[in-house]
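# Notes for the structure review
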Amino acid sequence: MSQQPQPTTPFPAATILGYPRIGPRRELKRALESFWGGRSSAEDLTVTAAGLREGTRRRLQAAGLSEPAAIPADFAYYDQVWSAASQLGAIPSRFAHLRAGDSHTGALDLAGHFTVARGAGDLAPLEMTKWFDTNYHYLVPEVGPDTEFALVASDSADAVAEGIAAGVAQRPVVVGPLTFLLLAKAADDAPEGFAPLSRLDDLVAAYAAWLRSFAAAGAQWVQLDESALVSDTWDADRAEVLAAAEEAYATLAAIETTERPALFVSTSYDTLGRDALAALARTGVEAIGLDLVKGGLPEIDADLRAALAGTTLVAGLVDGHNVWRTDLDAAHAKLTALRSAAGDGVPVAVSTSTSLFHVPHTTTDEPDLPEQLRSWLSFADEKVGEVLALAAGPEAAASEFAAARAARDDREAAAGVHVPAVGERLANLTDADFDRTPYASRVVVQDQTWDLPALPTTTIGSFPQTTELRQARAKLRKGEITEAEYTDEMRAEIGRVIELQTQLGIDVLVHGEPERNDMVQYFAEHLDGFAVTQNGWVQSYGSRCTRPSILWGDVSRPAPITTEWSSYADSLTDAPVKGMLTGPVTILAWSFVRDDQPLAETANQVALALRDEIADLETAGIGIIQVDEPALRELLPLREAAQADYLDWSVRSFRLATAGAADATQIHTHLCYSEFGEVIGAIDGLDADVTSIEAARSKMEILPAIAGSGFGRGIGPGVYDIHSPRVPSAEEIEGLLTAALASVGERKLWVNPDCGLKTRGYAETVASLEHLVGATKAVRARL
Ligand code: GLN
Ligand code: ZN
């Protein structure tokens, strides 16, 4: 049984794991971009940031988070992982010259902080990748045998002091050491097989110094985010990870409680598991957080109860990753069950399941949402109220519980939530609706239909989104131009894009997607069952935000969505024009999805709408159709045991969307990542005729996996990295193509960029595509 002394300040009865950092009007975005653009000083940026932190403290106090340590201090200028890395000295050696001090081992200044995050010239930035199963991207720390972990900066401690000076005792929130190392990658100069986790002891020593600095600044509690512990998909096996976690936290908990804050280890995005909970319970940390929205209640037997004695369990009962109003009755029932399982010796506090930075600030900022829908929603500020109501309980918070009950009942019965026709169509599906004619037969028909050269060239869909296009959209929104004028502008752009591709000599053309603000929102705006917000921005990475749509009801398609644009493009050329759709999984992944039915069912509803769209495109004469699924891997469950089921329903939804296509119709798909090997079974299962996938950025590392898998259909490993303005030379592309050809063979190889071109400028796009076509011709000549 752990015998830790009771912390001086008990854990707050109600708290949240984190709050949006970007500001209610994206103030941080604007301040960052103005600083990057040289239009304001570092001083201006720090003043804006301090103002945002002060605003957050006041908002959360006003919302009722009044207990000491209830308000998190989780500010980061760019990303919380990079914020931890930069304070702990984990700064790649290629940026050492930017560090303070004669020996360049000190902190980065603000400009240097962003240089590492964003890169400069030949100095590649830290890699960016998705944070657990969310659409937030963190910067991947680079750790090698020589990385010197040492507390070199005091941002997190300063934020605590700032709060205390403002009269608010906050709880600093930092990424925990296990998660830090599991999310890190081996530095470029590390020896083969080096695992960042092997540096845990040294990192923990730096964390000890960090904790001391928090205590010195006056923090009573610190939150260490260890969401990595919910996953079992790391390279290291789980027993090893848990043993490492146990050792690390035992070391940190052994620091005198006068010299460190009480330790709250939070975990989000899935179930922590009895094994990890038991490991943490043995360490003497003072509080452990559980995601009870995504994960189930832990089994707590007598042994675990004894090990937990004196440790606070922090029950994540309010969904931090979605926007629905909490069913307070159901959440309270979970809380009661946890309390009785944990017993009297284990206090249980209430929290959100994740940080709230995945959701917008407040529903009161959405005057254009239908009032009824708004009453079903809960954004960050509303979730604070829910946490407080749950902590108070159904008697003290009777009116909140009653209101939540009324909203739940209203939502359940509301028109549009369950549409009988949609349900019937799903219920009547048979296996045949998910299958096309076998590839071997349909490819014969396709080869006869599409007279394509060897190594056909194409692009991923979008062409550069110019200022004029964005302005036209803004003008339409403000009513400054008519719908007809807008259509004319888009058609003119489509004309230019078709003309350009014709001149370049590309084989399969696209219309360029000028009419789309966003590849998901565009479809959300044209489907029933979705709503879009006005101010619902959430951070995606750095200063970039997205505004996810809200998928609230049964999905159906009131009218064709893309056919007019595609057939207009088709009318301008004799070359084939590829229709362009966003797949069901990606539409779900980048929206806030309903939580009242299985995702698989919602995915199939979206799939049926897309199936109808494909039929309409075929009728309009579009016989090559791409269905993008860049998010297929993003939703992959963090628990291995859940992955097969996910891959099954996600693949089925894609097949449902595409299986109505005629044999002659060539279905393409596009995936945005290079982890081909990880999801090869699923990619194969999609049964698309042609698959394009990122490869150039990752230097064609996927070729062996493609070759080894025996993947038998068309494949376009990207030969041009569109993530930077750099123009690849024709020789470079020819080299990549030669390698690809050797791996996958002439019959299967397509030539395309890594991804869509919408973020690029025209000059570099034209030059790069010229080289792409030139390189292809050179390689073809040698066949
Ligand atoms: N068709 C989309 C485009 O080209 C695909 C974007 C993506 O993969 N994220 O923009
Ligand atoms: Zn892509």
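Scroll up for the structure.
Calculation notes
- Residue positions are counted from 1 within each chain, in the order its sequence is given.
- The order in which chains are written sets their letters, starting at A; the order in which ligands are written sets their numbers, starting at 1.
- Selection of residues for local features in this predicted model requires a pLDDT of at least 70, selection of side-chain atom pairs for listing and counting requires 80 or more, and totals for whole chains, interfaces and linings are taken over all residues.
- Where side-chain values are given, they derive from all heavy atoms of the structure, hydrogens and water being excluded.
- Only DSSP runs of H or I covering at least 4 residues are called helices, and only runs of E covering at least 2 are called strands; the numbering of each starts at the N terminus.
- Each residue is assigned to one of three classes by its accessible area relative to the maximum for its type, calculated with a 1.4 Å probe on protein chains only: buried under 20%, partly exposed between the two thresholds, exposed over 50%.
- Side-chain atoms alone can form a polar contact between residues adjacent in sequence; in general such a contact is a pair of N or O atoms within 3.5 Å, and within protein one must be able to donate a hydrogen while the other accepts it.
- The contact criterion used is simple: two residues touch if any of their non-hydrogen atoms lie within 4.5 Å.
- Here, the term nonpolar core denotes a set of buried Ala, Val, Leu, Ile, Met, Phe, Trp, Tyr and Cys residues that are joined through side-chain atoms within 4.5 Å.
- We define proximity as follows: a residue is near a molecule or strand when any one of its heavy atoms falls within 4 Å of that partner.
- All residues other than Ala, Val, Leu, Ile, Met, Phe, Trp, Tyr, Cys, Pro, Asp, Glu, Lys and Arg, Gly among them, are scored as polar; the first ten of these are nonpolar and the last four charged.
- Patch members must show over 30% relative accessible area and no salt bridge, and they are joined within 9 Å when carrying like charges or within 5 Å when they are nonpolar side chains of Val, Leu, Ile, Met, Phe, Trp or Tyr.
- Computed with the Shrake-Rupley method and a 1.4 Å probe, the accessible areas treat only the protein chains shown as cover for residues.
- Should a side-chain nitrogen of Lys or Arg be within 4 Å of a carboxyl oxygen of Asp or Glu, the pair is scored as a salt bridge.
- Positive charge is attributed to Lys and Arg, negative charge to Asp and Glu, and no charge count is given to His or to the chain ends.
- A charge is said to be at NZ when it belongs to Lys, at CZ for Arg, at CG for Asp and at CD for Glu.
- Donor atoms are limited to N, O and S found within 2.8 Å of the metal ion, a distance that becomes 3.2 Å for Na, K and Ca. With water left out, some sites might look partial.
- In this scheme the shape depends on donor count and angles: four donors with every angle between 85 and 135 degrees give tetrahedral, four or six donors with opposite pairs above 155 degrees and others between 65 and 115 give square planar or octahedral in turn, and any other case is irregular.
- Axes here mean lines fitted to C-alpha atoms, for a helix over just the part in contact, with angles spanning 0 to 180 degrees between N-to-C directions.
- What sets the label is the angle itself: under 35 degrees gives roughly parallel, over 145 gives roughly antiparallel, 65 to 115 gives roughly perpendicular, and the rest give oblique.
- By the definition used in this description, the sense in which the near helix is turned from the far one sets the handedness, with an anticlockwise turn below a right angle giving left-handed and a clockwise turn giving right-handed.
- Two strands pair under a simple rule: DSSP has to find at least two bridges between them.
- The directions from the helix axis to the C-beta atoms form the arc being described.

### Some thoughts on the side chain of glutamate 694
Within the secondary structure, glutamate 694 is located in the loop between β20 (690-693) and α25 (703-709). You can call glutamate 694 buried: its relative accessible area is 5%. At 3.3 Å, the side chain of glutamate 694 forms a polar contact with the side chain of arginine 697. When neighbours within four sequence positions are excluded, glutamate 694 is seen to be in contact with Leu671, Cys672, Tyr673, Ser674, Ile702, Gly718, His723 and Asp754.

### Side note on the nonpolar core
Membership of the largest hydrophobic core comes to 135 residues, with the highest contact counts inside it found for Phe180 and Leu313. If one sorts the elements of this core by residue count, helix α7 (residues 200-217) sits on top with 10 residues. The contact partners of leucine 313, leaving out residues within four places of it in the chain, are Leu277, Ile288, Leu290, Ile300, Leu308, Leu338, Ala342, Val346, Pro347, Val348 and Ala349. With 96 residues, the next largest nonpolar core counts Leu504, Leu509, Leu608 and Leu636 among its residues.

### Comments concerning the site of ligand 1
Ligand 1 sits among 13 residues. The nearest are Ser462, Glu513, Asp628, His670 and Cys672. Contact between ligand 1 and isoleucine 460: a nitrogen atom at 3.1 Å from a main-chain N or O atom of the residue. A distance of 2.8 Å is found between a nitrogen atom of ligand 1 and a side-chain nitrogen or oxygen belonging to glutamate 513. Considered class by class, the residues forming the shell around ligand 1 number six nonpolar, four polar and three charged.

### A word on a negative patch on the surface
Taken together, the side chains of Asp146, Glu148, Asp188 and Asp189 define an acidic patch exposed on the protein surface. As for its position among the elements, aspartate 146 is in the loop between β4 (142-143) and α5 (155-165).

### A few points about the coordination of the zinc ion (ligand 2)
Ligation of the zinc ion (ligand 2) by protein atoms is provided by His670 (NE2), Cys672 (SG) and Cys755 (SG), these donors lying 2.0 to 2.2 Å from the ion. Seen from the zinc ion (ligand 2), its four donor atoms lie at angles of 84 to 122°, and the figure they make is irregular. Binding-site remark: the zinc ion (ligand 2) is held by donors from one chain whose sequence spacing is H-x1-C-x82-C.

### Here's the deal with the packing of helix α17 (residues 467-477) against helix α18 (residues 483-504)
To describe two helices that pack against each other, one gives the angle between their axes and the distance between the axes. Where α17 contacts α18, the axes come no closer than 10 Å and their chain directions differ by 165°. The pairing of α17 with α18 is recorded here as roughly antiparallel in orientation. Between α17 and α18 lies a crossing of left-handed hand. Two secondary-structure elements touch here, α17 through Glu468, Leu469, Ala472, Arg473 and Leu476 and α18 through Glu483, Tyr486, Glu489, Met490 and Glu493. Partitioned by chemical class, the residues of the contact of α17 with α18 number five nonpolar, no polar and five charged.

### So, the pattern of salt bridges
With the rule as written, the count across this model stands at 46 salt bridges. Where salt bridges share partners, they join Arg436, Arg442, Asp684, Asp687, Asp689 and Arg713 into one cluster.

### Structural notes on the pairing of strand β7 (residues 221-225)
Counting buried residues along β7, five of its five residues qualify, which places the element largely inside the surrounding structure. Side chains of β7 alternate between two faces, with Trp221, Gln223 and Asp225 and Val222 and Leu224 buried alike. Pairing of strand β5 (residues 171-175) with β7, which is carried by three bridges, proceeds in the parallel orientation. Along β7, the bridge assignment pairs valine 173 with glutamine 223.

### Some remarks on helix α16 (residues 439-449)
Within α16 the residues assigned to the buried category are Arg442, Val443 and Gln446. The buried residues of α16 occupy an angular sector of 105° when projected down its axis, which confines them to one face. Looking at α16, the residues exposed on the side facing more than 90 degrees away from the buried face are Ala440 and Gln448. Contacts from the buried residues of α16 go to β19 (666-671).

### Observations regarding helix α9 (residues 274-281)
Most of α9 sits out of view: six of its eight residues are buried. Taken together, the buried positions of α9 are occupied by Ala276, Leu277, Ala278, Ala279, Leu280 and Ala281. Along its buried surface, α9 packs onto α8 (238-253), β8 (262-266), β9 (287-291), α10 (302-308) and β10 (312-318).

### Comments concerning the sheet that holds β9
Note: strands within a sheet are paired through backbone hydrogen bonds, in either parallel or antiparallel orientation. Taken in spatial order, the seven strands of this open sheet run β1-β5-β7-β8-β9-β10-β11, and their pairing is parallel. Of all strands in the sheet, those bounded by a partner on one side alone are β1 (72-73) and β11 (348-352). As paired elements, β10 and β11 share five bridges and run parallel to each other. Paired with valine 318 across the bridge in β11 is threonine 352. Contacting β10 and β11, helix α11 (residues 328-342) runs over the sheet at an angle of about 165° to β10.

### Notes on the sheet that holds strand β17 (residues 591-593)
Overall, mixed pairing links the three strands, which are arranged β12-β15-β17 in an open sheet. Edge strands, defined here as strands with exactly one partner in the open sheet, are β12 (528-531) and β17. For this sheet, the mean inter-axis angle between neighbouring strands, taken without regard to orientation, is 35°. Bridge analysis of strand β15 (residues 549-556) against β17 gives three bridges, and the strand direction is parallel. Residue serine 549 lies in a different strand from β17, and its bridge partner there is serine 591. Taken strand by strand, helix α22 (residues 599-619) contacts β15 and β17, and its axis lies near 70° from that of β15.

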